[in-house]
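What follows is the residue order along each chain.
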Amino acid sequence: MKGMFIFAVLSCCVLLLSGFTPPRAFGEGPELGLTERPTLLAAGPETPAAVEPGPPPEVNVWVEAIFVELDRATTRDFEEKLGFKLSPPDGKAILGAEEKERLLATVAETENARIIASVAVLTIPGQNTQTEHVEELTYATEYDLEDGNMTPGNWQTRDLGAILNLTPTVCEDGRIFLILMPQVTTLSGWKQIDGTNVTQPVFSTWQTTTTVIVPDGATFVLKGAPVAPFFRSQAIDPEAATDPANQKTLLTIISAKVVEAK
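The present account deals with the structure reproduced in this document. (Residues numbered from 1 in each chain as written. Predicted model: local features only at pLDDT ≥ 70, side-chain atom pairs only at ≥ 80, totals over all residues. Heavy atoms only, no water.)

## Brief notes about the pattern of salt bridges
- All chains considered together, the criterion is met by 7 salt bridges.
- Glu99 is the partner of Lys92 in a salt bridge, and the nearest nitrogen-oxygen pair spans 3.2 Å.
- For Lys92, a relative accessible area of 33% gives the class partly exposed.
- According to the relative accessible area criterion, Glu99 is buried, its value standing at 18%. (Salt bridge = Lys/Arg side-chain N within 4 Å of Asp/Glu carboxyl O. Buried < 20%, exposed > 50% of the residue type's maximum accessible area, 1.4 Å probe, protein only.)

Have a look at this one:
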């Protein structure tokens, strides 16, 4: 019996010297699957101690979006005047400061191009934010016929302009990662309901969701496909909606820059 006790003690000593660690009881230590892998450091007297990463640099991100509407028929002439095509696969993806100035100058010189809205926001990296430039349009959606006159019976309000929802992140190499959700609504005109003196507004809407990585201080352009107006009334005219003369191309010019918080 004494010999068996001595053998057990010697066995435990051998296991401890070889690096064996007894298993933990259930419920102790970190949960399964959540344990971080330890950092392996080279042995030696000059081995540095493990240091926890410090807080991120104190910076903000400035983002600007300019929304430009072009007639579909003049989009090709616009790019020829500009000197380069916009957006991949056969156009420029990233614009420098001079190219952005040339783009805005071409917009100002083009008769059938107009800036719908311009928004800018300064925000914290990783923070979702939304900025907008809108105005309300209130119009009647129902009418009552009284003594030969059409009297409005119900009203509706619609926001016109641009909304930009975004989340910026600053990468380790200084580039900016953007999650973007731009939305634009414009008033294309008014349509008269046949047989009455009642008119209803005609709206065009474009929206998208995208993610991009851009160099600090750079500009890029989202070139939307031709946008056909849709009617907020029962007097829908399919032929007018598909007429190229009524279709627009939307350019969303987005610039991003890291700004130190001083």
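Now, onward.
## Quick look at the environment of Glu79
- Among the structural elements, Glu79 can be located in helix α2 (residues 75-82).
- According to the relative accessible area criterion, Glu79 is buried, its value standing at 10%.
- Sequence spacing of Glu79 and Gly91 is 12 residues, and the spatial spacing of their C-alpha atoms is 9.8 Å.
- Other than its neighbours up to four places away in sequence, Glu79 contacts Phe84, Lys85, Leu86 and Lys223. (Helix = DSSP H or I, 4+ residues; strand = E, 2+ residues; numbered from the N terminus. Contact = heavy atoms within 4.5 Å.)

## Here's the deal with the sheet that holds strand β10 (residues 248-260)
- Ordered by their spatial adjacency, 4 strands build an open sheet running β2-β1-β10-β8, and the pairing between neighbours is antiparallel. Bordering the open sheet on either side are β2 (113-123) and β8 (219-223), each of which pairs with just one other strand. Taking the axes of each pair of neighbouring strands and ignoring which way they run, one obtains an average angle of 15 degrees across the sheet.
- α2 rests against β1 (59-71), β8 and β10 of the sheet, and its axis sits at about 125 degrees to β1. (Pairing = 2+ DSSP bridges. Axes fitted to C-alpha atoms, helices over the stretch in contact; angles between N-to-C directions.)

## Concerning the nonpolar core
- Core analysis: the largest hydrophobic core is formed by 25 residues, its most contacted members being Val63, Phe67, Leu178, Leu180 and Phe220.
- Elements with a contribution of two residues or more to this core: β1, β2, β4 (149-170), β5 (176-192), β7 (210-214), β8 and β10.
- With 5 residues, β1 is the largest single contributor of residues to this core.
- Among residues more than four places away in sequence, those in contact with Leu180 are Leu164, Asn165, Leu166, Thr208, Thr209, Thr210, Val212, Phe220 and Ile254. (Core = buried A, V, L, I, M, F, W, Y, C linked by side-chain atoms within 4.5 Å.)

## Considering a negative patch on the surface
- The grouping of Glu142, Asp144, Glu146 and Asp147 at the surface amounts to a negative patch.
- Relative to the elements of secondary structure, Asp147 occurs in the loop between β3 (129-146) and β4. (Patch = residues over 30% accessible without salt bridge, like charges linked within 9 Å, V, L, I, M, F, W, Y side chains within 5 Å. Areas by Shrake-Rupley, 256 points an atom, 1.4 Å probe, with all protein chains shown as cover. Lys, Arg positive; Asp, Glu negative; His and termini not counted. Charge placed at Lys NZ, Arg CZ, Asp CG, Glu CD.)

## Observations concerning the packing of aromatic side chains
- Applying the stated criterion to the full structure yields 1 aromatic pair.
- Plain terms: the ring middles of Tyr139 and Phe203 are 5.8 Å apart, the flat faces sit at 50 degrees to each other, and that makes the pair tilted. Here Tyr139, found in strand β3, pairs with Phe203, found in strand β6 (residues 199-207); they are 64 residues apart in sequence, far enough to count as distant.
- Judged by its relative accessible area of 0%, Phe203 falls in the buried class.
- Its guanidinium or amino end placed over the ring of Phe84, Lys92 lies 5.7 Å from that ring's centre, counting from NZ or CZ. (Phe/Tyr/Trp six-rings, centres within 6.5 Å; stacked < 30°, edge-to-face > 60°. Lys NZ or Arg CZ within 6 Å of the ring centre and 35° of its normal.)

## Let's talk about the side chain of Thr106
- Topologically, Thr106 is positioned in helix α3 (residues 97-109).
- Looking at Thr106, the relative accessible area reads 4%, which means it is buried.
- The residues touching Thr106, leaving out its near neighbours within four places in the chain, are Phe78, Lys81 and Leu82.

## Some thoughts on the environment of Asp216
- Relative to the helices and strands, Asp216 is located in the loop between β7 and β8.
- The exposure class assigned to Asp216 is partly exposed, which follows from its relative accessible area of 41%.
- Separated by 41 residues in the primary sequence, Asp216 and Lys257 have C-alpha atoms spaced 5.0 Å apart.
- Asp216 has contacts with Gly174, Arg175, Ile176, Ala256, Lys257 and Val258, leaving out every residue within four places of it along the chain.
- Looking at Asp216, its side chain comes within polar contact range of the main-chain nitrogen of Val258, at 2.8 Å. (Polar contact = N/O pair within 3.5 Å; in protein donor to acceptor, adjacent residues only side chain to side chain.)

## Digging into α3
- Relative to the 18 Å expected for 13 residues at 1.5 Å per residue, α3 spans 19 Å between its end C-alpha atoms, a close match to the ideal helical length.
- All buried positions along α3 are accounted for by Glu99, Lys100, Leu103, Thr106 and Val107. Down the axis of α3, the buried set is contained in an arc of 125 degrees. They therefore lie on one face. Pointing more than 90 degrees away from the buried face of α3 are the exposed residues Ala97, Glu98, Glu101, Ala108 and Glu109. (Expected span 1.5 Å × (residues − 1). Arc of directions from axis to C-beta.)

## Focus: α2
- For α2, the complete set of buried residues consists of Thr75, Phe78, Glu79 and Leu82. What you see down the axis of α2 is that its buried residues fit within an arc of 95 degrees, all on one side. Turned more than 90 degrees away from the buried face of α2, the exposed residues are Arg76 and Glu80.
- Check the buried side of α2 and you find it contacts β1, α3, β8 and β10.
- One or two positions beyond α2, positive phi appears at Gly83, with a value near 105 degrees.

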